[in-house]
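Examination of the molecular architecture
Here's the letter readout for the chains.
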Amino acid sequence: QVRLVESGGGLVQAGDSLRISCTASGLTFSSHTAGWFRQAPGKEREFVARIGWLDGSEYVVDSVKDRFTISRDNAKNTLSLQMNSLRPEDTAIYYCAAIVSSRKYDHWGQGTQVTVSS
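Let us look at the structure shown here. (Residues numbered from 1 in each chain as written. Predicted model: local features only at pLDDT ≥ 70, side-chain atom pairs only at ≥ 80, totals over all residues. Heavy atoms only, no water.)

1. Here we look at the overall build of the protein chain
Convention followed: Starting at the N terminus, helices and strands are each numbered in turn, a helix being any DSSP run of H or I of at least four residues and a strand any DSSP run of E of at least two. The atom set for the radius of gyration is the C-alpha atoms, and the globule formula is 2.2 Å times the number of residues raised to the power 0.38. By definition, residues are in contact when any of their heavy atoms lie within 4.5 Å. Values of accessible area rely on a 1.4 Å probe in the Shrake-Rupley scheme; residue burial ignores everything except the protein chains shown. Under this rule, positive means Lys or Arg and negative means Asp or Glu; His and the chain ends count for nothing. To locate a charge, the coordinates of NZ of Lys, CZ of Arg, CG of Asp or CD of Glu are taken.
Scanning the protein chain for helices and strands turns up 0 helices and 11 strands. Ordering the α and β elements of the protein chain from the N terminus gives β-β-β-β-β-β-β-β-β-β-β. A globule of 118 residues ought to have a C-alpha radius of gyration of about 13 Å, and the protein chain, at 13 Å, matches this closely. Seen through its C-alpha atoms, the protein chain measures out along the principal axes to roughly 40 × 25 × 25 Å. Taking all contacts inside the protein chain whose residues are at least 6 apart in sequence as the whole, residues at least 24 apart take part in 54%. Here the protein chain displays about 6,400 Å² of accessible surface, and carbon together with sulfur accounts for 45% of that area. The positive charge centre, built from 13 side chains, and the negative charge centre, built from 12, are 4 Å apart in the protein chain.

Following this line, the structure appears as structure tokens:
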């Protein structure tokens, strides 16, 4: 059974940095494409970043490209999102997800809240 558990969220001030992580059980991140999504209050969930399983290629959406970095620690089987220069508009629940048995993200964590105060 696949389980994804996010951690590291919290309340920070604008301009601060925060690193959130996702630990997997029943799944090896190096064998599956995984990514981060976020959902702000009153908005739809949006894709933020992903890392490919085969070559570890990284992709981050343009809106956060210069501030967020996705990474993977194969030894610890964790997925991380380093977020720098945080802005109030980054406030959202951040979800870890993986593509396991289909061509879409089909396994999700419960989310971790990130709140950025101005």
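Let's pick the thread back up.
2. Some remarks on the state of the cysteines
Our working rule: The disulfide criterion used throughout: a pair of cysteine sulfur atoms within 2.5 Å. Summary of the burial criterion: residues with accessible area below 20% of their type's maximum are buried, those above 50% are exposed, and those between are partly exposed, where the area comes from a 1.4 Å probe applied to protein chains only.
Scanning the entire structure with this criterion turns up 1 disulfide. Each sulfur of the disulfide joining cysteine 22 and cysteine 96 lies 2.2 Å from the other. Residues cysteine 22 and cysteine 96 share a disulfide whose torsion about the S-S bond is about -75°; that sign makes it left-handed. Residue cysteine 22 is located in strand E3 (residues 18–25), and its partner cysteine 96 is located in strand E9 (residues 92–98); the two are separated by 74 residues in the primary sequence. Looking at cysteine 22, the relative accessible area reads 0%, which means it is buried.

3. Regarding the packing of aromatic side chains
Going by this rule: Only centres within 6.5 Å qualify two rings of Phe, Tyr or Trp (six-membered ring in Trp) as a pair; their planes then separate them into stacked at under 30 degrees, edge-to-face at over 60, and tilted for everything else. Cation placement over rings: the criterion is NZ of Lys or CZ of Arg within 6 Å of the ring centroid and within 35° of the ring normal.
Inspection of the entire model under this criterion finds 5 aromatic pairs. Ring centres of tyrosine 105 and tryptophan 108 lie 6.4 Å apart, and the angle between their planes is 55°; on these two criteria the pair is classed as tilted. Judged by relative accessible area, which is 18%, tyrosine 105 ranks as buried. With relative accessibility at 28%, the residue tryptophan 108 sits in the partly exposed group. Taken together, the aromatic side chains of Phe37, Phe47, Tyr59, Tyr105 and Trp108 make up a single cluster linked through ring pairs. The ring of tryptophan 108 has arginine 45 sitting right over it, with the charged end atom 3.8 Å from the ring centre.

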